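Here is how the chains run, residue by residue.
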Amino acid sequence: MFVLVPLFVRELGGGELVIGLVLGVGTAASVMARPSVGTLLDTWGRREVLLAAGALNVCSWLPFLCISSIGPALFFWSTLHAIVWGALFAGFFTYAADLAPPTRRAEGIAVFGVFGMAPNGLGPWLGEAIIADAGFHVFFLTAAAFGLVSLVLTTLIPKRRPVVAATEAVARGAVHDMREAMTQPGLPRVLLATLLLGVAINAAFFFVAPFTRVLGMTRAAPFFTAYAAMSVVIRVFGRRILDVVGPRRVSIPAFAIFAVGLAALGFLPRDGVLIACGIACGAGHGTLFPVLSALAISRAPLRMQGTVVSMHTAALDLGAVVGTPLCGLVAQVAGYPTMFGGVAIASLAGLALMAFDHTRSRGDIA
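Quick caveat, the model's predicted, so the values are computed rather than measured.

Check the secondary structure of the chain and you find 15 helices and 0 strands. Relative to the 2.2 N^0.38 estimate, which gives 21 Å for 366 residues, the radius of gyration of the chain is 19 Å and therefore close to what a compact globule would have. Expressed along its principal axes, the backbone C-alpha trace of the chain runs to roughly 55 × 40 × 35 Å. Counting every position in the chain, which comprises 366 residues, the buried fraction comes to 55%. Relative to all contacts within the chain whose residues are 6 or more apart in sequence, the contacts with residues 24 or more apart total 85%. Summing over all exposed atoms, the chain offers an accessible surface of approximately 14,700 Å²; the carbon and sulfur share of this is 72%. Placing the 24 positive and 16 negative side-chain charges of the chain at their respective mean positions leaves the two points 6 Å apart.

Another point: helix α9 (residues 187-214). For α9, spanning 28 residues, the distance from its first C-alpha to its last is 40 Å, which sits close to the expected 40 Å at 1.5 Å a residue. Within α9, 23 of the 28 residues are buried, which leaves it mostly tucked inside the rest of the structure. After α9 finishes, the residue glycine 216 shows a positive phi value of roughly 85°.

At a minimum axis separation of 9 Å, α9 and helix α15 (residues 336-355) run at an interaxial angle of 160°. Taken as axis vectors, α9 and α15 run roughly antiparallel relative to one another. The interaxial crossing formed by α9 with α15 has left-handed handedness. Between α9, through Arg189, Leu192, Ala193, Leu196, Val199, Ala200, Ala203, Phe207, Val208, Pro210, Phe211 and Val214, and α15, the contact on the second element is made entirely by Tyr336, Pro337, Met339, Phe340, Val343, Ala346, Ser347, Ala349, Gly350, Leu353 and Met354.

In this section: the packing of helix α2 (residues 16-43) against α9. For the pair α2 and α9, the least separation of the axes is 11 Å and the interaxial angle reads 165°. In terms of axis orientation, α2 runs roughly antiparallel to α9. Crossing angle aside, the handedness with which α2 passes α9 is right-handed. Across the interface between the two elements, Glu16, Ile19, Gly20 and Leu23 from α2 touch Phe206, Phe207, Pro210 and Val214 from α9. Residue classes in the contact of α2 with α9 are distributed as 6 nonpolar, 1 polar and 1 charged.

On to the side chain of asparagine 57, then. Residue placement: asparagine 57 occurs in helix α3 (residues 46-61). For asparagine 57, a relative accessible area of 12% puts it in the buried group. Apart from the residues lying within four places of it in its own chain, the contact partners of asparagine 57 are His81, Val84, Leu88 and Gly147.

A separate point is the confidence of the model for the chain. Low pLDDT marks regions whose predicted coordinates should not be analysed in detail. With 92% of its residues at a pLDDT of at least 70, the chain reaches an overall mean of 85. Within the chain, the lowest mean pLDDT, 46, falls on helix α7 (residues 166-172), and the highest, 96, falls on helix α6 (residues 136-154). Across residues 164-171, where pLDDT falls below 50, the model places 9 contacts with residues more than four positions away in sequence or in other chains. With pLDDT under 50 throughout, residues 362-366 is counted as low confidence; its partners more than four residues away or in other chains account for 16 contacts.

Okay, the side chain of glutamate 128 next. Along the chain, glutamate 128 falls in helix α5 (residues 105-134). The class of glutamate 128 is buried, set by a relative accessible area of 3%. Once residues within four sequence positions are removed from consideration, glutamate 128 is found in contact with Leu4, Leu7, Arg213, Arg219, Ala220 and Ala221.

Tallied over the full model, the rule gives 26 aromatic pairs. With 6.2 Å between their ring centres and 40° between their planes, tryptophan 61 and phenylalanine 140 make a pair best called tilted. Here the residue tryptophan 61 occupies a position in helix α3, and phenylalanine 140 occupies one in helix α6, the gap between them amounting to 79 residues. We note that tryptophan 61, like phenylalanine 140, is buried. Ring plane angle 75° and centroid distance 6.5 Å describe the contact between tyrosine 227 and phenylalanine 258, whose orientation is recorded as edge-to-face. With a gap of 31 residues between them, tyrosine 227 in helix α10 (residues 221-237) and phenylalanine 258 in helix α12 (residues 247-264) connect regions that are remote in the sequence. In this structure tyrosine 227 comes out as buried when scored by relative accessible area, which is 1%. A relative accessible area of 0% means that phenylalanine 258 is categorised as buried.

Ranked by internal contacts, the top residues of the largest apolar core, which has 91 residues, are Phe223, Tyr227, Phe258, Leu262, Leu292, Met339 and Phe340. Counting residues per element, this core draws most heavily on α9, at 18 residues. Contacts of leucine 292, omitting those with residues within four sequence positions, involve Val190, Ala193, Thr194, Leu197, Phe255, His312 and Met354.

Once that is clear, we can look at the pattern of salt bridges. For the structure on display, the rule yields 5 salt bridges. When the shortest N-O distance is used, the salt bridge between aspartate 98 and arginine 46 registers 2.8 Å. Of the two residues, aspartate 98 sits in helix α4 (residues 72-99) while arginine 46 sits in helix α3, which places them 52 residues apart along the sequence. Ionic pairing is found between arginine 104 and glutamate 107, a salt bridge with its closest N-O pair at 2.8 Å. Exposure remark for arginine 104: the relative accessible area of 38% places this residue in the partly exposed category.

Procedures and definitions
- Residues numbered from 1 in each chain as written.
- Predicted model: local features only at pLDDT ≥ 70, side-chain atom pairs only at ≥ 80, totals over all residues.
- Heavy atoms only, no water.
- Helix = DSSP H or I, 4+ residues; strand = E, 2+ residues; numbered from the N terminus.
- Rg over C-alpha atoms; globule rule 2.2 N^0.38 Å.
- Buried < 20%, exposed > 50% of the residue type's maximum accessible area, 1.4 Å probe, protein only.
- Contact = heavy atoms within 4.5 Å.
- Areas by Shrake-Rupley, 256 points an atom, 1.4 Å probe, with all protein chains shown as cover.
- Lys, Arg positive; Asp, Glu negative; His and termini not counted.
- Charge placed at Lys NZ, Arg CZ, Asp CG, Glu CD.
- Expected span 1.5 Å × (residues − 1).
- Axes fitted to C-alpha atoms, helices over the stretch in contact; angles between N-to-C directions.
- Parallel < 35°, antiparallel > 145°, perpendicular 65-115°, else oblique.
- Left-handed = near helix turned anticlockwise from the far one by under 90°.
- Nonpolar A, V, L, I, M, F, W, Y, C, P; charged D, E, K, R; others polar.
- pLDDT = per-residue confidence, 0-100.
- Phe/Tyr/Trp six-rings, centres within 6.5 Å; stacked < 30°, edge-to-face > 60°.
- Core = buried A, V, L, I, M, F, W, Y, C linked by side-chain atoms within 4.5 Å.
- Salt bridge = Lys/Arg side-chain N within 4 Å of Asp/Glu carboxyl O.

Okay, structure coming up:
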């Protein structure tokens, strides 16, 4: 539901640049915290991190009820929410990666990701309806309630033993772990491609809704519903293809499809464009996140799995840090179609990175 917070910023009087700054600052802090999150996942434990972050997630929604203007409070609480969300993101996908066999890791992450992607379609639809009928206060309370249900469910997952002794991790430090991971063959290339994917995802998530309002369209939810539905279809019915064909090979057309979906947003408000773009972007996202995750995990030692997943999710968010303020600035100066076209070009750069990647990974099939 946080993808609709830009509408709250507009309600407070902020423009596209302010939206980009609020989201960019928060995501930057989340990225900076991610190496420590990775160390905690490997030492403290997956379940413990998820419970702590889940509780903070519930609390992070409530201060928005008291915000009535653009100012430090908006930036502070948006930043806290981003840090907590990043910890949950890394924690859940690390736990999922633990359960997936190495030769079917992309499939495992894809299936698990269905349950993270479905709310991307349901959340904006529900959120826009709540905002229209009851206002932002009820919207924030509803989001906190969903967070509380998630926290309760998290208490039911089994505890898993940490993969690294806490004393060993403290002696090395999170920065050491991150540097060691970056020396693994092919991992920096995957992380850079993931960063470009992050730029594309956040441009779609946070700027489609404001763009529809500029055009006089009353709902952005059809885009997000189509986006999420296509991602789910890809992950349910195409999950085995991701590993059989090979994550690297699958990533190349996926980047191309995402680029087409972003560039075509410039044709709005023509009939059918919003849904068609949602389908294309959803196909790209639904394919790219699991395959790039699988590639990243396969290029580092097993003992660093939590660290690598944290770095991978941090790279995704770093794309938001770099891209969201820039997207906001370009949209304000040159217009939304130009901004979406520029992000489409960035997606093609991701395609080029993967097309020329020939690193062999642990558990490679193709």
